[in-house]
Every structure is written in structure tokens, then in C-alpha cells.
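Structural description and commentary
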Amino acid sequence: MLNRVSSLIAVLLVVPAIAAGTTVVPPRERPNPQAATSSVEPAVPSPRKRPSALESSSDQETSPTRLASRTSTPEASSSVPKSSEPPETSSSSEPPLPPREYQVACPAAMNGEITAKSLPPIHEGQCGIQSPLSVSAITANGRSIPLNTPVITDCGMASAMPAWIAEVDSYLIAHDKTKIELISVSTNYECRNVDHVQVGSLSFHAFADALDVVGFKLADGRTITIAPGFNGTPEQGRDILRFAHDSACTHFMTVLGPDADAFHQDNMHLDLGCHGKMCTSRICQ
């Protein structure tokens with residue numbers, strides 16, 4: 001019935017078109033859904049059968065791809081025979097680097113308060129210092145005053161010297177119309193006990209934390225020394241040396257002169273030793 005209706009509609013459309021002299025293309029037939037559903041669908045392939053363990057192992061042995069992937073694994077590389085010769089190392093031909101020396105800079109040297117150069121660490125049994133300095137001059141009142149010989153000391157002693165020398169120099173300028181031209185020193189670093197005794201405590205000289213001053217050479221041509229000037233006449237520099245002693249007691253923790261003992265009759269010992277529980281006590285003799 002549906003097909004007959006469709007044919008009749010087509011005739012009715014074609015007749016007027018022929019009369020008008022035009023070509024009419026008949027409409028396409030609507031697909032039959034039953035025919036579409038009745039077409040045979042392609043078969044879906046079923047999954048492959050899982051190979052057995054024996055077949056899998058034989059396949060891995062014969063497959064070049066799997067063999068190549070296996071040789072790239074750590075297990076396969078470890079099975080490759082190693083050469084009997086030891087591997088070459090670049091470090092074996094290079095000498096070992098020396099151990100690093102940990103030292104500190106001294107602000108007094110950096111600021112120009114002293115003329116000094118750093119020395120390698122000193123380790124001599126129980127004696128020594130990690131960051132020693134070789135001091136050759138002291139800056140005071142705007143000029144550099146040389147020492148008669150360079151001394152080995154630590155940063156603490158080197159830093160305390162400029163202010164003390166400046167006070168002694170200012171005294172000379174005010175009272176004697178002269179100034180310090182040279183600082184005479186003797187013992188500085190020395191690995192020994194206190195007062196050179198065979199058995200006893202180590203001296204602060206053993207840690208480069210002490211210095212013995214002998215005297216001063218002045219710009220007016222005089223040379224004043226602890227012996228005999230300290231207990232001598234004003235012409236021998238008694239007043240200057242005693243002022244230097246008293247001034248040192250405000251800059252150092254230990255000051256020993258001729259009035260202290262027989263070991264300091266010709267020198268004035270200066271150090272920064274710790275005295276008292278809080279390290280604030282001073283010895284001034």
C-alpha cells in the first residue's frame with residue numbers, strides 16, 4: 001500500500017513538469033529499516049589465546065626484539081663478562097689536594113691599624129695558633145711606627161697595640177716635644193712554660209697572645225729602655241716608661257714590669273690572658 005501511494009505521488013509531480021518542459025528527478029526511495037537491520041554484521045575477532053609458560057619462554061629466547069630489550073636491563077648487563085683490567089680513573093694520576101686551612105682575617109690589619117701579613121697555622125705540640133700574624137708596624141696618631149723586628153702574635157694582641165702606642169706617643173708629644181720613632185720588642189711567640197720553668201703551665205707566649213716590650217727610640221735621638229730607665233732618672237726615660245706601664249694596664253689583661261719579679265727587669269710583659277671567673281680581672285705589676 002505504501003509503495004502504491006509513493007508511485008502515485010511521483011506521477012502527479014512528473015506530469016506538470018513535463019508540460020512545463022523541465023526535467024524532474026524522481027525522489028530516492030527511503031531505505032527500508034528492516035532491510036538495514038537484516039544485513040549481516042562483520043564478525044568480531046575473539047581474543048588470542050594466552051600462551052603457556054613454556055611457549056612464552058621459548059618465544060622470548062627466539063624473539064630478536066625481546067632479546068635486545070633484555071640485554072639492556074641491569075641483570076643482562078651484569079652477566080656480560082667483565083675485563084680483567086681495572087677501570088681507568090683520572091684521579092689516580094693526579095696528586096691529592098692538600099687539606100684546607102681554616103683561618104680568620106684580622107680587622108686591625110684590614111683597617112690599616114697595623115702592618116701585618118698572615119702566616120700559616122702553627123701547631124707545635126700543645127703550643128700554636130690557627131691564624132698567626134707577622135706584625136711589622138703599628139699605626140698611631142696618623143703615622144706608621146715600625147717595630148725593631150717583626151713579631152708573631154694573634155689578632156687580639158695586634159688589635160690592642162695601636163691605641164696603647166697612640167697614648168704613649170701623645171704623652172711624648174705633650175711633655176717632651178718628641179714622638180716615638182721605633183718600638184723595641186723581644187719575646188713574642190715562643191713555645192714554653194711560664195718563666196721558662198721545666199714543669200708548669202704554658203705561657204701565653206705559647207699561644208702568640210703575649211709580647212715583651214723593651215723600650216722606644218724617640219725622634220729627638222734618645223733611646224729609652226726598661227733597664228735601666230724604668231727605675232732610673234728622668235733623663236733615662238723613667239717618666240715615659242712608667243706612663244707606658246700604667247697606660248698598658250688599661251689596654252691589656254696582664255702587665256708585668258721590673259716591679260713584678262726578676263724575670264721582667266729588662267722588659268714589660270703584655271698579654272690578654274683570662275683572669276677571674278668572668279675574665280675581667282687585670283694583673284698590673
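Overview of the structure. (Residues numbered from 1 in each chain as written. Predicted model: local features only at pLDDT ≥ 70, side-chain atom pairs only at ≥ 80, totals over all residues. Heavy atoms only, no water.)

1. Overview of the layout of surface pockets
The following threshold applies: A cavity here means a set of 1 Å grid points, computed over protein atoms only, where a 1.4 Å probe fits but cannot escape. A pocket is an open set with protein on both sides within 12 Å along at least 5 of 7 lines, and lining residues have an atom within 4 Å of a point. Grid points are joined across faces, edges and corners, and a volume is the space filled by probe spheres set on the points. Working definition: helices are DSSP H or I runs of at least four residues, strands are E runs of at least two. Numbering for both runs from the N terminus. When residue character is reported, Ala, Val, Leu, Ile, Met, Phe, Trp, Tyr, Cys and Pro are called nonpolar, Asp, Glu, Lys and Arg charged, and the others, Gly included, polar.
For the second largest pocket, the calculated volume is near 370 Å³. Lining the second largest pocket are 21 residues, with Val 194, Asp 195, Leu 256, His 264 and His 269 sitting closest to its centre. Listing elements by their share of the lining of the second largest pocket, those giving two or more residues are strand 9 (254–256) and strand 10 (268–271). The residue makeup of the lining of the second largest pocket, split by class, is 5 nonpolar, 10 polar and 6 charged.

2. Brief notes about the state of the cysteines
Cut-off, in case you're wondering: Counting rule for disulfides: a pair of cysteine sulfur atoms within 2.5 Å. Residue exposure (1.4 Å probe, protein chains only): buried if accessible area is under 20% of the type maximum, exposed if over 50%, otherwise partly exposed.
Applying the stated criterion across every chain yields a total of 4 disulfides. Disulfide pairing places Cys 127 opposite Cys 191 at an S-S distance of 1.9 Å. Linking Cys 127 and Cys 191, the disulfide has an S-S dihedral of approximately 70 degrees and is accordingly described as right-handed. Here Cys 127, found in strand 3 (residues 127–129), pairs with Cys 191, found in the loop between strand 6 (180–185) and strand 7 (210–218); they are 64 residues apart in sequence, far enough to count as distant. A residue is classified by how much of its surface remains accessible, and Cys 191, at 34% relative accessible area, is partly exposed. Note on cysteine connectivity: Cys 274 is disulfide-linked to Cys 279, with sulfurs 1.7 Å apart. One quick way to see it: the torsion about the S-S bond of Cys 274 and Cys 279 is about -80 degrees, and its sign makes the bridge left-handed. A relative accessible area of 44% places Cys 274 in the partly exposed class. According to the relative accessible area criterion, Cys 279 is partly exposed, its value standing at 36%.

3. Brief notes about the nonpolar core
Let me state the cut-off plainly: Put simply, buried Ala, Val, Leu, Ile, Met, Phe, Trp, Tyr and Cys residues joined by side-chain atoms within 4.5 Å make one nonpolar core.
Counting residues in hydrophobic clusters, the biggest one holds 39 residues, and the most contacted among them are Trp 164, Ile 165, Ile 183, Phe 216, Phe 252 and Leu 270. Where this core is concerned, the elements lending two or more residues are strand 4 (133–140), strand 5 (143–153), helix 7 (155–175), strand 6, strand 7, helix 9 (238–248) and strand 10. Among the elements that line this core, the one with the most residues is helix 7, at 10 residues. Core analysis: the second largest hydrophobic core is formed by 6 residues, Ile 122, Ile 129, Tyr 189 and Ala 206 among them.

4. Regarding the pattern of salt bridges
Note the following rule: Each salt bridge in this description consists of a side-chain nitrogen of Lys or Arg and a carboxyl oxygen of Asp or Glu lying within 4 Å of one another.
All chains considered together, the criterion is met by 6 salt bridges. Between Arg 222 and Asp 220 there is a salt bridge, with the nearest N and O atoms lying 3.0 Å from each other. A relative accessible area of 24% means that Arg 222 is categorised as partly exposed. The exposure class assigned to Asp 220 is partly exposed, which follows from its relative accessible area of 40%. One salt bridge connects Arg 242 with Asp 259, and the closest N-O pair in it is separated by 3.9 Å. One end of the pair, Arg 242, is in helix 9; the other, Asp 259, is in the loop between strand 9 and strand 10, and 17 residues separate them in sequence. Since its relative accessible area comes to 31%, Arg 242 is described here as partly exposed. Each of Asp 176, Asp 220 and Arg 222 takes part in salt bridges that share partners, so that together they form one network.

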